[in-house]
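# Understanding the architecture of this molecule
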There are 2 protein chains.
Amino acid sequence: MSEVICAISTPPGMGAIAVIRLSGEGSVALVDSIFQAASGKKLESLPSHTVHFGRISDGEELLDEVLVTLFRGSRSFTGEESVEISCHGSIYIQQRLMELLITQGARMAEAGEFTRRAFRNGRFDLSQAEAVADLIASSSRASHRVAMNQMRGGFARKLAELRDKLLQFVSLIELELDFSEEDVEFANREKLYELTNEIEQEIQTLADSFRLGNAIKSGIPVAIIGETNVGKSTLLNLLLNEEKAIVSDVHGTTRDVIEDTMNIGGVMFRFIDTAGIRQTVDAIETMGIARTFRKIEQASIVLWMIDMTTPRAQIEGLATSILPTLKDKQVILLFNKVDLIPDEQRADFANLLPALNADRLFISAKRQQNTDQLQEILVKAAAIPSIGEDDVIVTNLRHYESLNSALNAVRRVKEGLETGITHDFLSQDIRECMFYLGEITGQISTEEILGNIFSRFCIGK
Amino acid sequence: MSEVICAISTPPGMGAIAVIRLSGEGSVALVDSIFQAASGKKLESLPSHTVHFGRISDGEELLDEVLVTLFRGSRSFTGEESVEISCHGSIYIQQRLMELLITQGARMAEAGEFTRRAFRNGRFDLSQAEAVADLIASSSRASHRVAMNQMRGGFARKLAELRDKLLQFVSLIELELDFSEEDVEFANREKLYELTNEIEQEIQTLADSFRLGNAIKSGIPVAIIGETNVGKSTLLNLLLNEEKAIVSDVHGTTRDVIEDTMNIGGVMFRFIDTAGIRQTVDAIETMGIARTFRKIEQASIVLWMIDMTTPRAQIEGLATSILPTLKDKQVILLFNKVDLIPDEQRADFANLLPALNADRLFISAKRQQNTDQLQEILVKAAAIPSIGEDDVIVTNLRHYESLNSALNAVRRVKEGLETGITHDFLSQDIRECMFYLGEITGQISTEEILGNIFSRFCIGK
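Residues numbered from 1 in each chain as written. Chains lettered and ligands numbered in written order. Predicted model: local features only at pLDDT ≥ 70, side-chain atom pairs only at ≥ 80, totals over all residues. Heavy atoms only, no water.

### Concerning the overall build of chain A
Along the backbone of chain A there are 16 helices and 13 strands. Buried residues in chain A amount to 55% of all 461 residues. For chain A, restricting intrachain contacts to residue pairs at least 6 apart in sequence, the fraction spanning at least 24 positions comes to 70%. With an accessible surface of roughly 20,400 Å², chain A has 49% of that area assigned to carbon and sulfur atoms. (Helix = DSSP H or I, 4+ residues; strand = E, 2+ residues; numbered from the N terminus. Buried < 20%, exposed > 50% of the residue type's maximum accessible area, 1.4 Å probe, protein only. Contact = heavy atoms within 4.5 Å. Areas by Shrake-Rupley, 256 points an atom, 1.4 Å probe, with all protein chains shown as cover.)

### Quick look at the pattern of salt bridges
What the rule picks out here adds up to 46 salt bridges over all chains. A salt bridge links glutamate 113 of chain A to arginine 117 of chain A, with the nearest nitrogen and oxygen atoms 4.0 Å apart. Of this pair, glutamate 113 of chain A and arginine 117 of chain A both sit in helix H3 (residues 113-120), four residues apart, which is roughly one turn of that helix. By relative accessible area, which is 11% here, glutamate 113 of chain A ends up buried. Between arginine 96 of chain B and glutamate 61 of chain B there is a salt bridge; the shortest N-O distance is 2.9 Å. Pair noted here: arginine 96 of chain B is in helix H2 (residues 91-103) and glutamate 61 of chain B is in strand E5 (residues 61-71), with a separation of 35 residues, a long-range link. A relative accessible area of 7% places arginine 96 of chain B in the buried class. The network of salt bridges with common partners includes Glu3, Glu80, Arg107, Glu113, Arg117 and Arg120 of chain A. (Salt bridge = Lys/Arg side-chain N within 4 Å of Asp/Glu carboxyl O.)

### Considering the relation of the copies chain A and chain B
It takes a turn of 180 degrees to lay chain A on chain B, together with a shift of 0.0 Å along the axis; the resulting RMSD is 0.2 Å. Overall, the copies show the geometry of a two-fold rotation axis. Closest to the rotation axis within chain A is the C-alpha of threonine 50 of chain A, separated from it by 2.2 Å. The overlap is high: 100% of the interface residues of chain A also sit at the interface in chain B, so the same surface is used on both sides. (Least-squares fit on C-alpha atoms with pLDDT ≥ 70 in both.)

### Brief notes about the sheet that holds strand E7 (residues 107-108) of chain B
Residues and elements named next belong to chain B. With mixed pairing, seven strands are arranged side by side in an open sheet as E3-E4-E5-E6-E2-E1-E7. Each edge of the open sheet carries a strand with a single partner, namely strand E3 (35-37) and E7. Judged from the two bridges that link them, strand E1 (residues 5-8) and E7 form a sheet pairing that is parallel. Each residue of the ladder has a partner; that of cysteine 6, found in E7, is methionine 108. Each of E1, strand E2 (17-23) and E7 touches helix H3 (residues 113-120); the most contacted strand, E1, lies at about 135 degrees to it. (Pairing = 2+ DSSP bridges. Axes fitted to C-alpha atoms, helices over the stretch in contact; angles between N-to-C directions.)

### Comments concerning the packing of helix H4 (residues 126-137) of chain A against helix H15 (residues 423-441) of chain A
All names here are of chain A. Packing of H4 against H15 brings their axes to within 5 Å, and their N-to-C directions diverge by 40 degrees. Considering the angle they form, H4 stands oblique to H15. Contact residues: Leu126, Ser127 and Glu130 in H4; Glu439, Ile440 and Thr441 in H15. Each residue belonging to the contact of H4 with H15 can be placed in one class, and the counts come to two nonpolar, two polar and two charged. (Parallel < 35°, antiparallel > 145°, perpendicular 65-115°, else oblique. Nonpolar A, V, L, I, M, F, W, Y, C, P; charged D, E, K, R; others polar.)

### Focus: helix H5 (residues 141-152) of chain A
All names here are of chain A. With 12 residues, H5 extends 16 Å from end C-alpha to end C-alpha; this agrees with the ideal 16 Å at 1.5 Å per step. Counted residue by residue, H5 has 10 buried out of 12 residues, so it is predominantly covered. If you check which residues of H5 are buried, you get Ala142, Ser143, His144, Arg145, Val146, Ala147, Met148, Asn149, Gln150 and Met151. Backbone geometry just after H5 places glycine 153 at a positive phi near 95 degrees. (Expected span 1.5 Å × (residues − 1).)

### Examining the environment of phenylalanine 53 of chain A
All names here are of chain A. For phenylalanine 53, the position within the fold is in strand E4 (residues 51-58). A sequence separation of 166 residues divides phenylalanine 53 from glycine 219, and the C-alpha atoms of the two residues are 44 Å apart. If near-sequence neighbours (up to four positions away) are discounted, phenylalanine 53 is found in contact with Phe35, Ala37, Ala38, Glu65, Val66 and Leu67.

### Quick word on the packing of aromatic side chains
In total, this model carries 12 aromatic pairs over all chains according to the counting rule given. Ring centres 5.9 Å apart and planes at 55 degrees place the aromatic pair phenylalanine 77 of chain B and phenylalanine 124 of chain B in the tilted group. Pair noted here: phenylalanine 77 of chain B is in the loop between E5 and strand E6 (82-88) and phenylalanine 124 of chain B is in the loop between H3 and helix H4 (126-137), with a separation of 47 residues, a long-range link. Centre to centre, the rings of phenylalanine 210 of chain B and tyrosine 400 of chain B are 4.1 Å apart; their planes meet at 15 degrees, and the pair counts as stacked. Separated by 190 residues along the polypeptide, phenylalanine 210 of chain B in helix H7 (residues 189-218) and tyrosine 400 of chain B in helix H14 (residues 397-419) bring together distant segments of the chain. For phenylalanine 210 of chain B, a relative accessible area of 9% corresponds to the buried category. The positively charged end of lysine 461 of chain A is found above the aromatic ring belonging to phenylalanine 77 of chain A, 4.4 Å away from the centroid. Of note, arginine 21 of chain B hangs over the ring of phenylalanine 114 of chain B, and the distance from its end group to the ring centre comes to 5.3 Å. (Phe/Tyr/Trp six-rings, centres within 6.5 Å; stacked < 30°, edge-to-face > 60°. Lys NZ or Arg CZ within 6 Å of the ring centre and 35° of its normal.)

### Brief notes about empty space enclosed by the protein
Counting across every chain of the model gives three cavities of 30 Å³ or more. Volume-wise, the largest cavity comes out at about 150 Å³. Secondary structure elements with two or more residues in the lining of the largest cavity: strand E2 (17-23), strand E5 (61-71) and strand E6 (82-88) of chain A together with E2, E5 and E6 of chain B. Considered class by class, the residues forming the lining of the largest cavity number 11 nonpolar, four polar and two charged. (1 Å grid on protein atoms, 1.4 Å probe; cavity = no way out; pocket = protein on both sides within 12 Å on 5 of 7 lines; lining within 4 Å. Points joined across faces, edges and corners; volume = space filled by probe spheres on them.)

### Topic: the nonpolar core
Proteins that are soluble and globular tend to have nonpolar side chains buried together. Ranked by internal contacts, the top residues of the largest apolar core, which has 47 residues, are Leu22, Val68, Ile85 and Leu101 of chain B. For this core, the element with the highest residue contribution is H4 of chain A, accounting for seven residues. In this view, valine 68 of chain B contacts Val31, Phe35, Leu43, Thr50, Val51, His52, Val83, Glu84 and Ile85 of chain B; residues no more than four positions away in its chain are not counted. Within the second largest apolar cluster, 46 residues are counted, among which are Val31 and Ile85 of chain A together with Val132 and Ile449 of chain B. (Core = buried A, V, L, I, M, F, W, Y, C linked by side-chain atoms within 4.5 Å.)

### Description of the domain arrangement of chain A
Residues and elements named next belong to chain A. Per the domain assignment, the segments of chain A are domain 1 (5-109), domain 2 (129-214 + 396-454) and domain 3 (219-382). In this assembly, six residues from domain 2 lie in contact with six residues from domain 3. Carbon and sulfur atoms make up 41% of the surface buried where domain 2 meets domain 3, a total of about 330 Å² over both sides. Linking domain 2 with domain 3 are zero salt bridges. Where domain 2 touches domain 3, the interface holds zero residue pairs in polar contact (both at pLDDT 80 or more). When residues of the side of domain 2 that touches domain 3 are traced back to their parent elements, those giving at least two are H5 and helix H7 (189-218). (Domains from an automatic or database assignment. Buried area = accessible area lost by both parts, 1.4 Å probe. Polar contact = N/O pair within 3.5 Å; in protein donor to acceptor, adjacent residues only side chain to side chain.)

### Focus: the confidence of the model for chain A
All names here are of chain A. Mean pLDDT over chain A stands at 83; residues scoring 70 or higher make up 89%. Contacts for the low-pLDDT stretch residues 242-259, under 50 throughout, to residues beyond four places or in other chains number 31 contacts. Within the model, pLDDT remains below 50 along residues 279-285, and this stretch shows seven contacts once partners closer than five positions in the same chain are excluded. Model confidence for the complex: the whole-complex pTM is 0.76, and ipTM, which rates the interface, is 0.75. (pLDDT = per-residue confidence, 0-100.)

### Section: unusual backbone geometry
Residues and elements named next belong to chain A. With phi around 65 degrees, lysine 337 is a residue other than glycine that occupies positive phi space. Within the secondary structure layout, lysine 337 lies in the loop between strand E12 (330-336) and helix H12 (346-350). We classify lysine 337 as partly exposed; its relative accessible area is 22%. Of note in the backbone geometry, asparagine 370 takes a positive phi value of approximately 65 degrees without being a glycine. On the accessibility criterion, asparagine 370 (31% relative accessible area) is partly exposed.

### Describing the packing of H7 of chain A against H15 of chain A
All names here are of chain A. Contact geometry for H7 and H15: axes closest at 13 Å, N-to-C directions at 30 degrees. As far as their axial angle goes, H15 and H7 are roughly parallel. As for how H7 packs across H15, the hand of that crossing is left-handed. Along its contact with H7, which presents Arg189, Leu192 and Ile203, the element H15 presents His423, Leu426, Ile430 and Leu437. (Left-handed = near helix turned anticlockwise from the far one by under 90°.)

### Considerations on the sheet that holds E4 of chain A
Residues and elements named next belong to chain A. Reading across the sheet, the seven strands line up as E3-E4-E5-E6-E2-E1-E7 and stay open at both edges, with mixed pairing between neighbours. Of all the strands in the sheet, the pair left with one neighbour each is strand E3 (35-37) and strand E7 (107-108). Two elements, E4 and E5, share eight bridges in a ladder whose sense is antiparallel. Bridge assignment links isoleucine 56 to a residue of E5, and that residue is aspartate 64. Contacts between H3 and the sheet are confined to strand E1 (5-8), E2 and E7, with E1 contributing the most and set at about 135 degrees to the helix.

So this is what it looks like as structure tokens:
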């Protein structure tokens, strides 16, 4: 029997309504002790998945008129008896209700504890549980899709199947150990080799997807470089504000949430601001320029802004140091302040840096000229493939690390099969591979791993 | 038939879950078109007050796994068919679901539109509707209690009864107009006079409660005065942070919400910071000191902080200008930095300003010495009476203004009865009194008044 836990599950702050969630055996009885249904009935007598209007009082004091939703038996998110209280969204009321529930014997839930209970009660595997947090944090079409796919479970199911097959083999090999004097082979080495090949490919594909997955989850890294006065911040503000406006229309979200990432055309970009390069042009080895170079290195896309009103000789001087760093990057040359330059001069700029393989665009950040086109080019440069319902993409560093460990182990198994190592070493390598696969699916989990995973959830989930 | 409206009803931002609410004929059919219940059933076929798990898709794209709650017929908050969608609290998902609902024909709800519909559908009167907003904004035991009492409706019901009685009399008096040549009196003047007396008293009591009500709702105004270095901000931060910590434990609310009000011992205080007085001491008529005086005037409580390490001669010089402003105020003399002064010197300070009727307290704001005692003294000085379940307290400026207008009108009626004015003037004054009473209860309401009231609600309520 598990303790009754409770938490405010809706976002923090004031709103029209807030939802407080309870889970654990005794949740219904606990709420019954403070709730008077308008119908006069006790919640204990009412069926699952029904909603009831009534009042919650703290002794004589009426605290709120609320809706109470019942989830009986195991028919809930957590797989245990649960109650949701939908109250008026006053911070004071939320706080008083929480205090009252705790006085009545509930315990404040830890971060992610509802999902952890759902995992413990077999409602889903560990990678699905982790996807719940990703889904809540998702802020673009791609990150939403990837989290949704993972929550629906294709990914871990496949790994669990492969792991089960390995288990059969390792059992047979360990049986051989018992008969080691008789030199029998219960496990078909050829089929085992086939299986390891299949596992290697499967894991490799998943591990390879991490680069894309990480970009989707954290945002495609875009470095904006250029001199200090070329209009970088005007452009950044322009893009960020547009995004902010879209978000604010519906939610009134704060600047904090957006930070310096932005969703453009369904793709999340993470903009990396760099120090202007002008100051350090004559002392190329200074810290400043080195830092800018490191930032360019982290980026997939480099936005190089050039002020069309400044002499291009200077830019070309700079180019010699910058150009080598731009290999393997998607580069966009942004010629800014186009409104200040006669049209006939544009051609001169288009021919600038001919050796550089880059998109070239004339814009005016200030007058918002061609900024739509910039967004299109960014989305194209991000090259996020469209993700189908069944595409599995690894976004989680923990999974990526376990996959790499599993990959090493499965390669040792293959090697061992090729060189014909002894039963015991072979079985040990297989067990290790199984361990890392199990870490991902949660078939193997320690308190520490679980604590680590669920502490990153928000309270109330 | 009313349009289907929709809004995110939970606080803005990311959380474990968010709730989107729809109301209006066709809400259920609208959600049916995008929702696939896990049971395979259509929502249209399912009973009111039940909850259903399933998926919401935008065409082929799975958007989220959600819980849908049905409110059929008039058994909802708004008094019309309603649906609540409880989704994962990702900002992206909330936004996509809203977009999808709007594509399907719902309209984004205006601020307070759900409550406005509830009012229109006779679920409660206007003062109750307004109490919903107050309840959501309530941030102390007293403001919560006052809003809850008002939401339960004692206040407007009484006024509506009185208004109905007036209506009977005015009908009779207007009937007399038709028979004016015959000089009959259908309306018993004595009973009418009794009624106007009763109404006058009732309104007077309500209007008188506004001073308390406003203090409860906006916070008891406390001016903190003193020189610049006496420790005012240390004290303020100390008090504000303690409050912030309490709130943050549960919600992680932001500084913005608290501003410079704080809840101490269940009472909301509004602290009014004043400019230090030192700079303007030799030019008493300057703007600065005048502003401080105006702030003292607004306050119910004045916290006068005195740095015990600075010469008191200076303070006494200041006192001559300040003392006259402190009449009718609760004054607390706070001797700060007590830790820097030997105990035996305290007595000197206790005798300072002997003419001033004030609580005196030695504290160290920095070392948090005696600050608990300060809180106790503040709560005592606030003198908020304990509010019973049936106590009616006006907190709303609109009500206060209507009450004052009604009071003037009813006094004219009384006067008219005393001086025996003609039927038509009498009936006009009664009608006017009825008008203002009706404004409070919502029996009389214009689009403008309603628009004004509900625009102050949050979206989703």
